[in-house]
Structures are given as structure tokens and as C-alpha cells.
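Here is how the chains run, residue by residue.
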Amino acid sequence: MDFTFTEEQQAAAEAARGVFAGVAPDAVPSPSLVAGAVADDFDRTLWTRLAEADLLSLLLDPEYGGAGLDPIALCLVLRESAKVLARVPLLETAAATAAVQAYGSPELKSALLARAGRGETVLTVAANGRSGHNPAERAVTARQDGDDWILDGVQTAVPWAHTADLVVVPAHTATDRVLLAVIPRTHPGVALAEQISTSGERLGELRLQSARITSRDVIDAEGSWERLRDLLTCGTCALALGLGERVLAMTSEYTGKREQFGFPVATFQAVAVQAADRYIDLRAMEATLWQAAWRIGSGASGVLPASGDVAVAKIWASEGVRRVVQTAQHLHGGFGADVEYPLHRYHAWAKHLELQLGPAAAHEEALGDLLAAHPLG
């Protein structure tokens, strides 16, 4: 077996490193110093650079101006973005456009995909439900009224909700089918309330009250929500991996310079053992991420559905990134909490990624259900 990345995947990662090279992780106020959001909008300048580098259209087919690549390529780019805490809705827009491309109507594809690939239309996804343990598709109901759909319900912690043009919302019908509605941010029956994440980013509580959505903007295809959710979860794992790798590198740099008793603290056995444990965490996060991304992209069969591999990846990502930042704070001592040093920002982002789309416990429950339904024997 060949586990190396393809030339196209490596080219995407290299392009991402070039775009993110000049991004400062402390370009906005520290979440520790402001009461509200660190900024009202995402990094529009960086968004434009990503569009110019064709990194917003990685998953789109050439007919929509894309590269036709797979989730592994997207995860490679997301991994680089997290190393600098890039404040852009790259994951949400890429995952949403992939779902529209795979399951949307011809009219929706024509109206949306090319513009999204050029960065002209920004999408996000309401994927958290009421909490990390409650299925997001249960938070909103959908009933048909002629050719339209009427949506009611509340979705919490929607990323970039106040600045995205469109929000993709999962909803369930009376017969327990799951739909995906593509809803403009400003639309009759749609209201947003502000929420703030641990990272200081502005989230939205999306309230739908008899919101009427035309059938053209509703995806009613079996498996569409599951595919979108798995891609979002994989992307979140890639963000956690990139963040964790940068934090461990920062810790290595600091402990290699910080001296006690005349020696760098990195040479002390207790420090080296803790760093080695966190390195093992990162390698496990990486292995499970690529397994999940490959399953999603290739459609390869397995003993469990691809969602099982996604659950394993999210379990490792949630627990691993928490352990990495906790160890980093410990080994940095008081310096790690200095608001003039970016480590505290990485810690705040890590906590958000740990809980985003469900904490480890929620995915352990999902994995247990899959194992019960698909006996390995």
C-alpha cells in the first residue's frame, strides 16, 4: 500500500503554506482582554488570498472552476490554517459546497457553486443542534407547504453566522427524513442572536419561525446530511491536528531555551517524557484523521460505515488536542498565560475545537451504537 499523498494533494498543502505564511495568530484582540467578540467579521483579506490561490474550490468539479480534489486535500489545507489560527470560514464553505455539488438541484448548483469557489459567496453550516450531544437535525422541523418548505426551530453556536451569506440547516420531517435547507442570512422568519465562543469568535444562535424556503434551495436526498456532517467533523479533526502540532513546536522551542540549574528544561527527563506523550497523541490524531478522510473520499467499504472512522478520529482529536495544550501550558509555566504570547489563544481555540460538533463522549456513544449494529465477529 502507498500511504503518500498525491502530487495534487501536496500541491494544495504547499499553496496553503504560502498563503498562511504571513498570517499572525494574534492579529485580533486577545479573547482574555475583550468582553465581546474579538472581531465583527472574519479575515476578508485572507479570504481573498485563498480565493486567488484556488483554495476555496478544492472540492469543486472543473465545470464550477474547481480542482476536483478529495477531502484529504481539504484537510491538508485546514491543517495549515490552524497553525496560524486563520479566521476564515474555509471548512464550512468547502463542506457546504461539496454537499450542494453532490446532492443539490441543477438550479442551486448553477447559482451557488462557481461564486462560492471564487469567494464571492460565503456559506456556513448549522451543525451543533442544542448541544454537542443532541443531533443537529433534531433541532429544526420541516413541513411541506405546496412546493415550499416551512422551517421552525433553533440552532446554536453557528460559526460565522453573522457574516456568511447563506446558512445550510439540517431539519427533520414528520416522517423522520432529514433535509438540508440553504437559507440566506437575511430572510423572512430568520433571526440571529449573538453568542461568543471560547476563542472569542462571534457565533450565532439561529432562530427559525415559519421560515419559507423554496424547493430549489432544499436538498432532499438520502445521506446528504450524514455526508456533510462527516466532512465537517473530519475538517474539525484536521484543525485540531494543525493546532496541536504548532503548540508542540512552540513548547519545544521554549523548553529548549528556558534554563533551570544551568540546563535547558527540555533536557530534563520529566519534560521530555511529557513532550513525547503529546507527540504520540498527535501521531494518533493524524493516523485516524487520514483514515476517516480516505473513507469519506473514496467510498471504500469497511467493517463499520465511514462514520465509525470519523467517530474514532474525533475522539482522538478532542482528547488529544486538550492534552497537548494542557501540557504546553504546564511546560511554559506562567509564560503560557501571558496575553502578549499567543499560547493562550491556541488553548482557547483548542477548547472550542474539542467541543465543536460534539465532545469525545458524544462520539464514543455514536461509535458504541455502530458497534452494536455492526458486530465485528
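Residues numbered from 1 in each chain as written. Predicted model: local features only at pLDDT ≥ 70, side-chain atom pairs only at ≥ 80, totals over all residues. Heavy atoms only, no water.

This part is about helix 1 (residues 7–20). With 14 residues, helix 1 should cover 20 Å at 1.5 Å per step; its first-to-last C-alpha distance of 20 Å lies within 8% of that length. Taken together, the buried positions of helix 1 are Gln-9, Ala-12, Ala-13, Ala-16, Val-19 and Phe-20. An end-on view of helix 1 places all buried positions within 120° of arc, on one side of the element. Contacts made by the buried residues of helix 1 are with helix 2 (44–52) and helix 3 (71–83). (Helix = DSSP H or I, 4+ residues; strand = E, 2+ residues; numbered from the N terminus. Expected span 1.5 Å × (residues − 1). Buried < 20%, exposed > 50% of the residue type's maximum accessible area, 1.4 Å probe, protein only. Arc of directions from axis to C-beta. Contact = heavy atoms within 4.5 Å.)

Glancing now at the pairing of strand 5 (residues 178–184). Of all the seven residues making up strand 5, six are buried; the element is thus mostly covered by neighbouring parts of the structure. In this structure, the hairpin formed by strand 4 (residues 166–172) and strand 5 is closed by a connection of five residues, where Asp-176 is found at a positive phi of approximately 70°. Taken together, the two bridges between strand 5 and strand 8 (residues 218–219) define a ladder with antiparallel strand orientation. Counterpart to Ala-181 in the pairing with strand 8 is Val-218. (Pairing = 2+ DSSP bridges.)

Turning to the nonpolar core, a few remarks are in order. Phe-20, Leu-50, Leu-228 and Leu-243 are the most contacted members of the largest nonpolar core, which has 88 residues in total. In terms of residues, this core owes the most to one element, helix 6 (residues 224–257), which gives 14 residues. Core analysis: the next-biggest nonpolar cluster, separate from the first, contains 20 residues, Ala-126, Ala-161, Val-169 and Val-218 among them. (Core = buried A, V, L, I, M, F, W, Y, C linked by side-chain atoms within 4.5 Å.)

In this section: the pattern of salt bridges. Counted under the stated rule, the structure contains 26 salt bridges. The salt bridge involving Glu-245 is made with Arg-79; its shortest N-O contact spans 2.6 Å. Of this pair, Glu-245 sits in helix 6 while Arg-79 sits in helix 3, and the two are 166 residues apart along the sequence. When sorted by exposure, Glu-245 lands in the same class as Arg-79, which is buried. Between Asp-145 and Arg-212 there is a salt bridge, with the nearest N and O atoms lying 2.8 Å from each other. Placement of Asp-145 in strand 2 (residues 140–145) and of Arg-212 in strand 7 (residues 202–214) is noted, with a sequence separation of 67 residues between them. (Salt bridge = Lys/Arg side-chain N within 4 Å of Asp/Glu carboxyl O.)

By themselves, these observations are geometric and do not establish any function.
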